[in-house]
There are 2 protein chains.
Amino acid sequence: MILCDIGNTTTDILENGVYRKIPLTEFKPELLSGEAWYCCVNHNMSGMLEVLPNWHNIVSVIDWNKYYPTMGIDRVMVCEAIDDGVIMDAGSAITVDVMRDGVHQGGFISLGLRAAQEAYARLSPALTTSFNFEVDLTIMAKNTPDALTVGFLAPLVHKIESLGKPIYMTGGDAQIMARYFSDAIVDERLVFKGMQKLINKGLQC
Amino acid sequence: MILCDIGNTTTDILENGVYRKIPLTEFKPELLSGEAWYCCVNHNMSGMLEVLPNWHNIVSVIDWNKYYPTMGIDRVMVCEAIDDGVIMDAGSAITVDVMRDGVHQGGFISLGLRAAQEAYARLSPALTTSFNFEVDLTIMAKNTPDALTVGFLAPLVHKIESLGKPIYMTGGDAQIMARYFSDAIVDERLVFKGMQKLINKGLQC
């Protein structure tokens, strides 16, 4: 079985336990044979996949009573992967969700690291600087790069820590974010784990 | 004595106890007689004021050993106004500073409410929505507007509350932010208070 997580610029593919990431422009689903399940945020690609009989949209097996209707499909997948815990997906946005006994307790959406830095830069040339990821988030800052890093990260980290344990992290910036948590579990395949769990549940029905 | 807080679009003027805000385009400092002190973030206007003998730049009386060199002048002013407490200036950016016994402990810079909403909107049409300021920040969100509002405000409020009391708020969004704190003190004239304290200190020397 093939699992695909299709974004707006890249596609993550898990095929017979082998993981690869390819640019979306190189993704040719019609050339892949065998049963395939996909999780897709790209509307053009969704349209293309719908007509291929061996490609199945994971949306069709989600129990939407558990989530709110406009919740992102990749966010639903990482929640499906975890029964108990706090899940952070650190990409262009940072989504944070709480699952308890397999029930979604709600969540929130923060800006991603890049989006936050760009937003500061738009405010003023004086705030056009990269985050200093070496900064100690527990103390107040005394220079501009630290003031921006602490301003964005310290509240976010503090809030996430207040939500309880365990904390799971996925997404492109998971490794950077993990350094601020003493015992976060980084798992780059959380979307695939959620997909696999949902598919297995569907097959048992 | 006249006190002026000169921004990039408006000027706040305190003249003989009377406060007024005017567009920067209508601000004609050469027409004001008497001694005047100004705090200015607009470089063009600074150049103009430097040649007027009755206009004094508040920068000249700041003890810069207390602050870091790139710290915004209006941020220094609100710190000078308060000897003990947490000071939030909620404008295009939200600055947060801690003062203890008249000593600056450091601070941080968050995005302003408008900048944050615009940054979310840039990420995705699905995140193009206004904050819901009625939301309960203590619970996890179950719809998109709440998820963005909680995502931006809950970490910030949580962090500021951890910094101790009292909490002073100034700036255009101070009233909106104050609703999330049980006993914040909103004072729209904190910049002027800081200026006045500095001027008084200077006159005593």
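Small disclaimer: the values here were computed from a predicted structure and weren't measured.

Novice: Mind showing me how you'd approach the pairing of strand E7 (residues 93–100) of chain A here?
Specialist: Regular strands have side chains that alternate between both faces of the sheet. Residue and element names in this part refer to chain A. Taken across its 8 residues, E7 has 7 buried, putting it largely inside the fold. Direction of pairing for strand E6 (residues 85–90) relative to E7: antiparallel, over a ladder of 6 bridges. Residue pairing across strands places Asp 89 opposite Thr 95, the latter belonging to E7. Hairpin connection of E6 to E7: 2 residues between the antiparallel strands. Across 8 bridges, the pairing between E7 and strand E8 (residues 103–111) is antiparallel. Its bridge partner lying in E8, Ala 93 is registered against Leu 111. Hairpin connection between E7 and E8: a loop of 2 residues separates the two successive antiparallel strands, and Asp 101 in this loop has a positive phi of roughly 50°.

Novice: What is the right way to read the interface of chain A and chain B from this model?
Specialist: Where the parts come together, the accessible area they lose is often given as the size of the interface. If you look at the interface, chain A gives 35 residues, while chain B gives 35 residues. The set of elements that each furnish at least two residues to the side of chain A that touches chain B consists of E7, E8, helix H3 (113–123) and helix H4 (144–161) of chain A. Broken down by element, the residue count for the side of chain A that touches chain B peaks at 11 residues, all from H4(A). Taken together, the residues of the side of chain A that touches chain B break down into 22 nonpolar, 11 polar and 2 charged.

Novice: Teacher, can you tell me more about the relation of the copies chain A and chain B here?
Specialist: The relation between the two chain copies is a rotation about an axis coupled with a shift along that axis. Mapping chain A onto chain B calls for a screw motion: a turn of 180° about the axis and a shift of 0.0 Å along it, with 0.0 Å RMSD after fitting. Within this description, the copies of the chain are treated as partners about a two-fold rotation axis. Minimal C-alpha separation from the rotation axis in chain A is found for Pro155(A), amounting to 2.2 Å. With an isologous cut-off of 70% or more, the 100% of interface residues of chain A that recur at the interface of chain B puts this contact in the isologous class.

Novice: What is the right way to look at the sheet that holds strand E4 (residues 36–40) of chain A in this model?
Specialist: All names here are of chain A. Strand order in the open sheet made by the 5 strands is E3-E2-E1-E4-E5, with mixed pairing throughout. The open sheet has two edge strands with one neighbour each: strand E3 (18–23) and strand E5 (55–57). Within the sheet, the average angular offset between the axes of one strand and its neighbour, ignoring direction, is 25°. Judged from the 5 bridges that link them, strand E1 (residues 2–6) and strand E2 (residues 10–15) form a sheet pairing that is antiparallel. Bridge pairing in E2 links Asp 5 to Asp 12. Sitting on the sheet, helix H1 (residues 43–50) is in contact with E1, E4 and E5, with an inclination near 155° to E4.

Novice: Please clarify how the nonpolar core should be interpreted in this entry.
Specialist: Soluble globular proteins tend to pack their nonpolar side chains together in the buried interior. Formed by 117 residues in total, the largest nonpolar core has its most connected members in Cys39(A), Met88(A), Met195(A), Cys39(B), Met88(B) and Met195(B). Not counting the four nearest positions on each side in its chain, Cys39(A) is found in contact with Asp5(A), Ile6(A), Ile58(A), Ile73(A), Asp74(A), Met77(A), Val191(A) and Met195(A).

Novice: Help me out: how do you make sense of the packing of H3(A) against helix H3 (residues 113–123) of chain B in this one?
Specialist: When two helices pack together, their arrangement is given by the angle between their axes and by how far apart the axes lie. Across the interface, H3(A) lies against H3(B) with an axial gap of 10 Å and an inter-helix angle of 130°. By the angle class used here, H3(A) and H3(B) are oblique. Where H3(A) crosses over H3(B), the two elements pack in a sense that is right-handed. Every residue of H3(B) that contacts H3(A) at Ala115(A), Ala119(A) and Leu123(A) is listed here: Ala115(B), Ala119(B) and Leu123(B). Of the residues belonging to the contact of H3(A) with H3(B), the class tally is 6 nonpolar, no polar and no charged.

Novice: I would appreciate a short explanation of unusual backbone geometry in the present structure.
Specialist: Negative phi is the rule for most residues except glycine; trans is the rule for most peptide bonds. Residue Lys165(A) is joined to Pro166(A) through a cis peptide bond whose omega torsion reads -15°. Of note, Pro166(A) is situated in the loop between H4 and strand E9 (167–170). A positive phi is found at Asn16(B), a non-glycine position, where the angle reads about 50°. Considering the arrangement of structural elements, one finds Asn16(B) in the loop between strand E2 (10–15) and strand E3 (18–23).

Novice: Can you help me understand H3(A) in this one?
Specialist: The periodicity of an α-helix, 3.6 residues per turn, causes residues three or four places apart in sequence to face the same way. Looking only at H3(A), the buried set comprises Leu113(A), Ala116(A), Ala119(A) and Tyr120(A). Summarising the axial view, the buried residues of H3(A) lie within an arc of 130°, below the 170-degree limit, and thus occupy one face. Taken together, the buried residues of H3(A) touch E8, H4 and helix H5 (174–178) of chain A together with strand E8 (103–111) and H3 of chain B.

Novice: So what exactly am I meant to see when it comes to the domain arrangement of chain A here?
Specialist: Residues and elements named next belong to chain A. Domains assigned within chain A are domain 1 (2–61) and domain 2 (64–188). When each unit is reduced to the centre of its C-alpha atoms, the spacing between domain 1 and domain 2 is 26 Å. Across the contact, 4 residues belong to domain 1 and 4 residues belong to domain 2. Classifying every residue of the side of domain 1 that touches domain 2 gives 3 nonpolar, no polar and 1 charged.

Novice: How should the environment of Ile199(A) be read in this particular structure?
Specialist: Residue and element names in this part refer to chain A. Relative to the helices and strands, Ile 199 resides in helix H6 (residues 190–204). Separated by 168 residues in sequence, Ile 199 and Leu 31 place their C-alpha atoms 22 Å apart. Sequence-distant contacts of Ile 199, that is, excluding residues within four places in its chain, are made with Trp 37 and Val 61.

Novice: Would you explain the environment of Val157(A) in this entry?
Specialist: Residues and elements named next belong to chain A. With respect to the helices and strands, the residue Val 157 is situated in helix H4. Overall, the presence of 19 C-beta atoms within 10 Å leaves Val 157 in the partly exposed class. Non-local contacts of Val 157, meaning those with residues more than four positions away in its chain, are made with Leu 137 and Tyr 180.

Novice: What's the story with the sheet that holds strand E1 (residues 2–6) of chain B in this structure? I'm lost.
Specialist: Sheets are built from strands that pair by backbone hydrogen bonding, the pairs being arranged parallel or antiparallel. All names here are of chain B. Taken together, the 5 strands give an open sheet; going across it, the order is E3-E2-E1-E4-E5, and neighbouring strands pair in mixed fashion. Two strands close off the open sheet at either side, each with one partner strand: E3 and strand E5 (55–57). Pairwise comparison of adjacent strand axes, ignoring direction, gives a mean angle of 25° for this sheet. Running at roughly 155° to strand E4 (residues 36–40), helix H1 (residues 43–50) makes contact with E1, E4 and E5 of the sheet.

About the criteria used
Residues numbered from 1 in each chain as written. Chains lettered and ligands numbered in written order. Predicted model: local features only at pLDDT ≥ 70, side-chain atom pairs only at ≥ 80, totals over all residues. Buried ≥ 20, exposed ≤ 12 C-beta atoms within 10 Å, placed from the backbone. Helix = DSSP H or I, 4+ residues; strand = E, 2+ residues; numbered from the N terminus. Pairing = 2+ DSSP bridges. Contact = placed C-beta atoms within 7 Å. Nonpolar A, V, L, I, M, F, W, Y, C, P; charged D, E, K, R; others polar. Least-squares fit on C-alpha atoms with pLDDT ≥ 70 in both. Axes fitted to C-alpha atoms, helices over the stretch in contact; angles between N-to-C directions. Core = buried A, V, L, I, M, F, W, Y, C linked by C-beta atoms within 7 Å. Parallel < 35°, antiparallel > 145°, perpendicular 65-115°, else oblique. Left-handed = near helix turned anticlockwise from the far one by under 90°. Arc of directions from axis to C-beta. Domains from an automatic or database assignment.

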